[in-house]
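What follows is the residue order along each chain.
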Amino acid sequence: AQSVAQPEDQVNVAEGNPLTVKCTYSVSGNPYLFWYVQYPNRGLQFLLKYITGDNLVKGSYGFEAEFNKSQTSFHLKKPSALVSDSALYFCAVYAGNNRKLIWGLGTSLAVNP
Amino acid sequence: EPEVTQTPSHQVTQMGQEVILRCVPISNHLYFYWYRQILGQKVEFLVSFYNNEISEKSEIFDDQFSVERPDGSNFTLKIRSTKLEDSAMYFCASTTWPGETQYFGPGTRLLVL
């Protein structure tokens with residue numbers, strides 16, 4: 001079965017430190033991978049995606065993610081966290097034999113001043 | 001920049017009543033989705049809609065739910081007889097193609113009493 005896992009419900013990091021939010025996936029075929037962010041009481045905003053090409057993808061607000069095919073991962077990273085990055089982060093994957101995105105359960109990121 | 005809009009932002013209803021949630025997708029998008037999210041937790045897929053018909057639906061999307069694109073712009077979700085457990089945030093999303101970025105509306109917070 002096709003699935004996306006975000007193994008951490010919550011990630012805590014100090015402001016200024018690097019952050020990583022993990023995502024692994026299991027799909028048949030080539031995956032299209034997405035990260036979305038949800039700020040409190042808001043809708044989901046697209047951050048970045050990987051479809052093909054360079055494994056390191058840069059997105060909004062200084063975030064980047066690295067596609068690792070051998071580890072079937074697409075971890076979200078940022079070199080220096082801001083308090084304003086505190087939000088819920090969702091990883092999602094599309095594979096050609098689906099007509100919908102498969103969503104992870106979300107990771108709550110708390111950046112402490 | 002074009003965006004997905006949703007109305008109303010909040011809806012309070014009595015159990016057993018019908019509600020209609022409205023969405024205006026981005027104008028050149030062809031695929032439309034409804035999701036729900038309970039208490040800021042996981043994003044649950046409800047239904048996808050393309051070419052004026054449902055292309056996929058989840059087990060949540062039972063006979064109490066229906067979707068419609070009554071004109072060239074609106075995309076509606078109807079819940080015929082609401083239950084307490086339908087209380088959630090409902091998000092509409094649209095995209096040009098299932099493997100492309102989905103753009104989300106701000107959501108409708110539904111409270112069933």
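For every chain, the first residue of its written sequence is number 1, and the numbers climb from 1 along that sequence. To label them, take the chains in the order written and letter them from A, then take the ligands in the order written and number them from 1. With pLDDT at 70 or above as the cut-off, local features in this predicted model cover only qualifying residues; side-chain atom pairs require 80 or more to be listed or tallied, and sums for whole chains, interfaces and linings still use all residues. In computing side-chain properties, one takes all heavy atoms of the structure into account and sets aside hydrogens as well as water.

1. Brief notes about the overall build of chain B
What counts as a helix is a DSSP run of H or I of at least four residues, what counts as a strand is a run of E of at least two, and both are numbered from the N terminus. A tally of helices and strands in chain B yields zero helices and eleven strands. In chain B, the succession of α and β elements from N to C terminus is β-β-β-β-β-β-β-β-β-β-β. Here the C-alpha radius of gyration of chain B, 13 Å, is about what a compact globule of 113 residues would show, namely 13 Å. Taken over the C-alpha atoms alone, chain B extends approximately 35 × 25 × 25 Å along its principal axes. Relative accessibility decides the category of a residue: with a 1.4 Å probe and only protein chains considered, values under 20% of the type maximum give buried, values over 50% give exposed, and everything between is partly exposed. Burial status across chain B gives 50% buried among its 113 residues. Both definitions apply: the radius of gyration is a C-alpha atom measure, and the globule rule equals 2.2 Å times residues to the power 0.38.

2. Let's talk about the overall build of chain A
Helix and strand counts for chain A stand at zero helices and twelve strands. Along chain A, helices (α) and strands (β) appear in the sequence β-β-β-β-β-β-β-β-β-β-β-β when read from the amino end. In summary, chain A has a C-alpha radius of gyration of 13 Å against a globular reference of 13 Å for 113 residues, a match within 12%. With respect to the principal axes defined by its C-alpha atoms, chain A has extents near 45 × 30 × 20 Å. Classification of the 113 residues of chain A by burial places 48% in the buried group. For chain A, the share of sequence-separated contacts (at least 6 apart) that also reach a separation of at least 24 residues comes to 56%. For chain A, the exposed area adds up to about 5,300 Å²; of that, 48% sits on carbon and sulfur atoms. Residues counted as positive are Lys and Arg, residues counted as negative are Asp and Glu, and His and the chain ends are not counted. Note on charges: their place is set at NZ of Lys, CZ of Arg, CG of Asp or CD of Glu. The distance from the centre of the 9 positive side-chain charges to the centre of the 7 negative ones in chain A is 10 Å. In what follows, residue pairs with any heavy atoms lying within 4.5 Å of each other are defined as contacts. Each accessible area is a Shrake-Rupley estimate made with a 1.4 Å probe; only the visible protein chains count as cover when residues are assessed.

3. What to know about the state of the cysteines
Residue and element names in this part refer to chain A. Our working definition of a disulfide is a cysteine sulfur pair at a distance within 2.5 Å. Within this structure, the stated rule accounts for two disulfides over all chains. Each sulfur in the disulfide pair C23 and C91 lies 2.0 Å from the other. Here the S-S torsion is close to -60 degrees, and the disulfide linking C23 with C91 is therefore left-handed. Of this pair, C23 sits in the loop between β3 (19-21) and β4 (24-26) while C91 sits in strand β10 (residues 87-95), placing them 68 residues apart in sequence. Accessibility classification places C23 together with C91 in one group, the buried group.

4. Structural notes on the interface of chain B and chain A
Each side of the interface is counted separately: chain B has 21 residues, and chain A has 19 residues. Note: buried area is the sum, over both parts, of the accessible area (probe 1.4 Å) each one loses when the two are combined. Between chain B and chain A, roughly 1,800 Å² of surface is buried when both sides are summed, and carbon and sulfur atoms account for 57% of that area. Salt bridges are defined by distance alone: a side-chain nitrogen of Lys or Arg within 4 Å of a carboxyl oxygen of Asp or Glu. Between chain B and chain A we count one salt bridge in total. Two residues, E100 of chain B and K49 of chain A, come together in a salt bridge whose shortest N-O distance is 2.5 Å. Two N or O atoms form a polar contact when they lie within 3.5 Å of each other; inside protein one atom must be a possible hydrogen donor and the other a possible acceptor, and for residues adjacent in sequence the pair counts only when both atoms belong to side chains. Here chain B and chain A share six residue pairs in polar contact (both at pLDDT 80 or more) between them. Looking at the side of chain B that touches chain A element by element, the count peaks at three residues for strand β4 (residues 31-37) of chain B.

5. As for the sheet that holds strand β1 (residues 5-7) of chain B
Residues and elements named next belong to chain B. Ordered in space as β1-β3-β8-β7, the four strands form an open sheet in which the pairing is antiparallel. Looking along the sheet, the strands with just one partner apiece sit at the ends: β1 and β7 (65-68). For this sheet, the mean angle separating the axes of adjacent strands, direction not counted, is 20 degrees. For two strands to count as paired, DSSP must find a minimum of two bridges between them. Sheet topology places strand β3 (residues 19-24) next to strand β8 (residues 75-79); five bridges connect them, and they run antiparallel. The partner of V19 across the bridge, within β8, is I79. Working convention: axes come from line fits to C-alpha atoms, limited for helices to the stretch in contact. Angles between N-to-C directions cover 0 to 180 degrees.

6. Points about the environment of E18 of chain B
All names here are of chain B. Position of E18 among the secondary structure elements: in the loop between β2 (10-13) and β3. Owing to a relative accessible area of 44%, E18 belongs among the partly exposed residues under this scheme. Sequence spacing of E18 and Q64 is 46 residues, and the spatial spacing of their C-alpha atoms is 9.3 Å. Beyond its immediate sequence surroundings of up to four residues, E18 is in contact with K78, I79 and R80.

7. Let's talk about the side chain of Q38 of chain A
Looking at the element boundaries, Q38 of chain A is found in strand β5 (residues 31-38). Assessed through its relative accessible area of 8%, Q38 of chain A is described here as buried. From its side chain, Q38 of chain A meets the backbone oxygen of R42 of chain A in a polar contact 2.9 Å long. Looking at Q38 of chain A, its side chain comes within polar contact range of the side chain of Q37 of chain B, at 2.8 Å. Once you skip the residues sitting within four places of it in the chain, Q38 of chain A turns out to touch G43, L44, A87, L88 and F90 of chain A together with Q37 and F91 of chain B.

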